[in-house]
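Chain residues, written in single-letter form:
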Amino acid sequence: MSSPADLKGILVALITPFTDDGSKIDEARLAAHINRLIDAGIHGLVPGGSTGEFTVLSTDERKQLTELCVKYAAGRVPVVAGTGATSTREAVELSKHAAQVGAAAVMVVPPYYDAVNYEILREMMAEIHEASKLPILYYNIPSASGLTLTPQEIAGLSDVGVKYMKDTSGNATALTELLFALSDKIATFNGWDTLTFYGLVAGAPGGVWGAANIIPELAVELWDAIAIKGDLKRGRELWAKAWPICKFLESYNYASAVKTGMELLGHKTGGLRKPFGLLSKEQQEEFAVLINNVGLKTVI
Ligand SMILES: *[C@@H]1O[C@H](CO)[C@@H](O)[C@H](O)[C@H]1NC(C)=O
């Protein structure tokens, strides 16, 4: 058995680039984006989550996305495949597939239309783990899943294959409890953009972070300053730069805002699949200013 903190650092909640007509995953754009992120020093990829628009992908596309990410990462960084679904059968199928094609772990969001209870969730996680043999990163996002668990309940999932979690609850009190009292059971990654600084300072093994699609260098610098060097002063300076972007992303549909940020930097994403779309012209202008403020050039 390996220790609970094998994954660490900046894990990018990856966008899913599409072709211009939105009909397919754009392989060349995905490969280029992954190379750019790895060159910037990020530590892992998490495709198929909220930022990756998994709810508008078919099951086949979700498998294809995992395969492509493993292929393009080419062993340089681990890939944590998003495999959550509203049925256990589909989540198991996706997780088994992720294991077969070389993912390091699976990220599982609980069924998000009809909220489950703790017992059902435990059964589901156990089945996913048994079928895939992969460690599970539990995606704690009560606003989308309708399921709010106590820190103790989350840590209790460690006996059904859950080794990590992404905390997108926005509850710093619960995050603190997980990091200080329950870290022997579960490795808690920050997953709430505006809590990134606190999470890393409090000792989270990393963050699953959508903003890192846009500002990968800054994200890695922040990690290095806080988690590696323990340089709080430098960490604060970097966070002062990154925070306005995080705040902006949280103010809109998150995946829309992240893809808009990439478009502003000149990286074609194919936009979002309907019913979602890129942000409005005015929002783009507002966002461009924030991106320029961190020293990056925008194309509008
Ligand atoms: C945040 O987490 C703490 C600790 O589990 C809990 O007591 C509190 O009710 C939570 N707050 C919200 C708003 O859910």
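Residues numbered from 1 in each chain as written. Predicted model: local features only at pLDDT ≥ 70, side-chain atom pairs only at ≥ 80, totals over all residues. Heavy atoms only, no water.

Inclusion rule: UniProt positions are given in the numbering used here, feature names are shortened, and annotations may be inferred rather than shown by experiment.
Looking at an unreviewed UniProt entry, one finds the chain named Dihydrodipicolinate synthase, with Paecilomyces lecythidis as its source organism. Here is the UniProt Sequence similarities (unreviewed entry) comment for the chain, exactly as written: "Belongs to the DapA family."

1. Looking at the packing of helix H1 (residues 27–40) against helix H2 (residues 59–73)
For clarity, the threshold we go by: A fitted line through C-alpha atoms represents every axis, and for helices the fit uses only the stretch in contact; the resulting angles, taken between N-to-C directions, go from 0 to 180 degrees. Helical segments are the DSSP runs of H or I of at least four residues, strand segments are the runs of E of at least two, and each set is numbered from the N terminus. What sets the label is the angle itself: under 35 degrees gives roughly parallel, over 145 gives roughly antiparallel, 65 to 115 gives roughly perpendicular, and the rest give oblique. Left-handed describes a crossing whose near helix is turned anticlockwise from the far helix through less than a right angle; right-handed describes the clockwise counterpart. Contact criterion: two residues are considered in contact whenever any of their non-hydrogen atoms come within 4.5 Å of each other. Note on residue classes: Ala, Val, Leu, Ile, Met, Phe, Trp, Tyr, Cys and Pro are nonpolar, Asp, Glu, Lys and Arg are charged, and everything else, Gly too, is polar.
In contact at an axis separation of 10 Å, H1 and H2 are set at 45° when each is read in the N-to-C sense. The angle between H1 and H2 places the two elements in the oblique class. Of the two elements, H1 crosses H2, and the hand of that crossing is right-handed. Only Gln64, Leu65, Leu68, Cys69, Tyr72 and Ala73 of H2 make contact with H1, whose side of the interface consists of Glu27, Leu30, Ala31, Ile34, Asn35 and Ile38. Its residues assigned to classes, the contact of H1 with H2 comprises nine nonpolar, two polar and one charged.

2. Things to note about the packing of aromatic side chains
The condition that has to hold: A pair of Phe, Tyr and Trp rings is counted when the ring centres sit within 6.5 Å of each other, with Trp represented by its six-membered ring. The angle between the planes then sorts it: under 30 degrees is stacked, over 60 is edge-to-face, the rest tilted. Think of it in three bands: residues with accessible area under 20% of the maximum for their type are buried, residues over 50% are exposed, and the middle band is partly exposed, with areas taken using a 1.4 Å probe on protein chains only.
Counted according to the given criterion, the structure contains five aromatic pairs. A ring pair is formed by Tyr164 and Phe189, whose centres lie 6.0 Å apart and whose planes are at 70°; its orientation type is edge-to-face. Of the two residues, Tyr164 is situated in strand S6 (residues 162–167) and Phe189 in strand S7 (residues 187–190); the sequence distance between them amounts to 25 residues. By the burial criterion, Tyr164 is buried, and Phe189 matches it. Centroid distance Phe248 to Phe287: 4.1 Å. Interplanar angle 15°. Geometry classified as stacked. Taken together, the residues span a long stretch of sequence, with Phe248 in helix H10 (residues 232–251) and Phe287 in helix H12 (residues 281–293) at a distance of 39 residues. Like Phe287, Phe248 is buried. In this structure an aromatic cluster arises from ring pairing among Phe248, Tyr252 and Phe287.

3. Focus: the pairing of S7
In plain terms, the rule: Pairing between two strands requires that DSSP report at least two bridges joining them. Classification remark: right-handed applies to a crossover when, strands pointing away from the viewer, the course from the first strand over the helix to the second runs clockwise.
The alternating pattern of S7 places Ala187 and Phe189 on one face and Thr188 and Asn190 on the opposite face, and all of these are buried. Here four bridges tie S6 to S7, and the two strands are oriented parallel to one another. In the sheet register, Tyr164 faces S7, and the bridge partner there is Ala187. Remark: the S6/helix H7 (residues 172–180)/S7 crossover connection has right-handed handedness.

4. Considering the nonpolar core
Buried together is how nonpolar side chains tend to be arranged in soluble globular proteins. Here is the rule we go by: Buried residues of nine kinds, namely Ala, Val, Leu, Ile, Met, Phe, Trp, Tyr and Cys, make up a nonpolar core once their side-chain atoms join them within 4.5 Å.
By size, the foremost hydrophobic cluster in this structure holds 55 residues, and its most contacted members are Leu45, Trp209, Ile214, Leu249 and Phe287. Put simply, the parts of the chain that give this core at least two residues each are strand S1 (9–13), H1, H2, helix H8 (196–201), helix H9 (216–228), H10, helix H11 (254–264) and H12. Each residue touching Leu249, except ones within four places of it in the same chain, is listed here: Asp193, Ala211, Ile214, Tyr254, Ala257, Val258 and Phe287. Listed in part, the 28 residues of the second largest apolar core include Val92, Ile136, Ala155 and Leu178.

5. Digging into the pattern of salt bridges
Where we set the bar: By definition, a salt bridge exists where a carboxyl oxygen of Asp or Glu is found within 4 Å of a side-chain nitrogen of Lys or Arg.
Tallied over the full model, the rule gives ten salt bridges. The salt bridge partner of Arg122 is Asp159, with a shortest N-O separation of 2.8 Å. In this pair, Arg122 is assigned in helix H4 (residues 118–132) and Asp159 in the loop between helix H6 (151–156) and S6, connecting sequence segments 37 residues apart. Accessibility expressed as a relative area gives 19% for Arg122, which makes it buried.

6. Overview of the packing of H10 against H11
Remark: H10 packs on H11, axes separated minimally by 7 Å, with the N-to-C direction vectors making an angle of 130°. One way to sum up the angle between H10 and H11 is to call them oblique. Of the residues in H11, those touching H10 at Phe248, Leu249 and Glu250 are Tyr254, Ala257 and Val258. Tallied by class, residues from the contact of H10 with H11 come to five nonpolar, no polar and one charged.

7. Side note on unusual backbone geometry
At the junction of Lys274 and Pro275, the peptide bond is cis and its omega measures out at 15° in the coordinates. Along the polypeptide, Pro275 turns up in the loop between H11 and H12. One non-glycine residue, Glu53, adopts positive backbone phi at about 55°. Despite not being glycine, Lys133 has its phi angle at roughly 60°, a positive value. When you line up the elements, Lys133 lands in the loop between H4 and strand S5 (136–140). Lys133 sits in the exposed class, given a relative accessible area of 62%.

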